[in-house]
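A closer look at the structure
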Amino acid sequence: MKLIFPLIFVISLNAQNVAYKSFKVFSKERNEYISTMLFYPTLEKEEFALGKHKLFISQNVALNGKIKKDKYPLIILNHGGLRSAPNQINWLAKSLVKEGFVVLVTRSNINKKLVLYEPWLRANDIFISLLDLKLSSFKDNIDFNRVYSVGFLLGATSLLLSNSAKIDLDAYKKVCERNESLDCKWYEKNKIELNSLNRNFIEKLNYTIPIKKAIFFDVELSKLFDKKTLKNINTKFLFINLSDMKLLNNSHFQSFYNYSKIENANVFSSFSLCTQKGELILKGTRKNKNLCFDKSEERKLAHKIILNKIIEYLK
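About the cut-offs
- Residues numbered from 1 in each chain as written.
- Predicted model: local features only at pLDDT ≥ 70, side-chain atom pairs only at ≥ 80, totals over all residues.
- Heavy atoms only, no water.
- Phe/Tyr/Trp six-rings, centres within 6.5 Å; stacked < 30°, edge-to-face > 60°.
- Helix = DSSP H or I, 4+ residues; strand = E, 2+ residues; numbered from the N terminus.
- Lys NZ or Arg CZ within 6 Å of the ring centre and 35° of its normal.
- Pairing = 2+ DSSP bridges.
- Buried < 20%, exposed > 50% of the residue type's maximum accessible area, 1.4 Å probe, protein only.

1. Things to note about the packing of aromatic side chains
Per the stated rule, a full pass over the model turns up 17 aromatic pairs. On the basis of an interplanar angle of 55 degrees and a centroid distance of 4.8 Å, the ring pair of Phe-237 and Tyr-257 is categorised as tilted. With Phe-237 in strand β9 (residues 236-241) and Tyr-257 in the loop between β9 and β10 (258-261), the pair connects residues that are 20 residues apart, well separated along the chain. Members of the aromatic cluster, each reached through a chain of ring pairs, are Phe-216, Phe-237, Phe-239, Phe-253, Phe-256 and Tyr-257. Positioned above the aromatic ring of Tyr-313 is the side chain of Lys-213, whose terminal nitrogen or guanidinium carbon lies 5.1 Å from the ring centre. The ring of Phe-293 carries the charged tip of Lys-289 above its face, separated from the ring centre by 5.4 Å.

Dropping the structure here:
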C-alpha cells in the first residue's frame, strides 16, 4: 500500500516534554471508577514508558510531572471502538501537547450489561471528567473557554453526542438487523440485545459540553444522527474519512459541515505504530486489513497528516 499525501506539515514552535497523570473519577451511571488521563507540557524528563505493549510502540512521558507554567487550550481526545488497545491513541495525545495543548482522555472497562449505552456513557465520562478537572490542581493552567474535541470511530460518535447531536434511538435498536455497526458480531457472540435499550436511562445522562471546534474521523453510526439537531449546532465541525468502509462513510455530513477524505489511508491509520512483532502477527492482507497492515513508514506518514489536519483546523 502506497500512501500519497501532500507533504505540507505544520512545524511546531512549542517543542517541549510531555507529562502524564491519571485520575480516578466515579461514574454513578456505570457504578464504577473510570480513568481520566491528562497529557500536558512539562520541563521534566520523559522517563516513563506509558502503556507498554509487545505489539504496539509505547510513548515515553514524565509520569506525574509538574506542569509547565502557562495557560493552555484543552483538547478532549476520544478513540474507538469498543475493544481497542488502551494505548492506541497516546501518540496523538503526546503530539498535541507538543503543539501547545493539554489533552484529556477517558477510559473505562467494558460492562456487557451497559455496553449498548456505550456511545452515551462515553460522552458522560467526558462530562464528569471535565467537571473534575475544573476542580483539580490543573484548573489554573487550562483555558476552559478554549475547549476542542478530536474523535475517532465510536469516540467520534460520543463527541458528536457531547455537542448536542441526537441519535435516532429506534434506528439504533435495529442497526444489527441491517448490519450497520462494526460490533454486530461481537454483540451477537455476547448476547447483547440492542432492542432492550432503555430510553429513560439515556435521558437521565448528562453529557452536553461547550466546544468551540471539533474534528471527527470515521464516525460510527453516522447515518443515525438526526439532521435537525445537526443543523442547529453552532460548533464548527470538520469530518474526515480515513477509511473506505461503507459503514464509516461520513461524506453525507458535507451538506452541513466541512468534510474531507484522506486518500490511501485506512481505518487503522490513526492507531499506534506497531512493533516488529506486531507487524508480523497483525499484518493482515489487502482485503482483510489488520491493526498493523500498513508498514511503519506509511503509518508514520499518516500520523503526520492526521496531526497536521488537526493543528491546521484548530490553530
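2. Some words on the pairing of strand β1 (residues 17-27)
Note: β1 against strand β2 (residues 32-42), 11 bridges, orientation antiparallel. In the strand pairing of β2, Lys-24 is matched with Ser-35. The hairpin turn running from β1 into β2, its antiparallel successor, is four residues long, and Asn-31 in that turn takes a positive phi close to 60 degrees. The pairing of β1 with strand β4 (residues 59-63) spans two bridges and is parallel. Looking at the pairing, Tyr-20 lines up with Leu-63 of β4.

3. Details of the pairing of strand β6 (residues 102-107)
Counting buried residues along β6, five of its six residues qualify, which places the element largely inside the surrounding structure. Pairing of β2 with β6, which is carried by five bridges, proceeds in the antiparallel orientation. If you follow Leu-38 over to β6, its bridge partner there is Leu-104. Note that strand β5 (residues 72-78) and β6 share four bridges and pair parallel.

4. Considerations on unusual backbone geometry
Even without a glycine there, the phi angle at Asn-31 is positive, about 60 degrees. Position of Asn-31 among the secondary structure elements: in the loop between β1 and β2. Positive phi is not limited to glycine here, since Asp-218 has a value of about 50 degrees. Tracing the backbone shows Asp-218 in the loop between β8 (213-217) and α7 (227-231).

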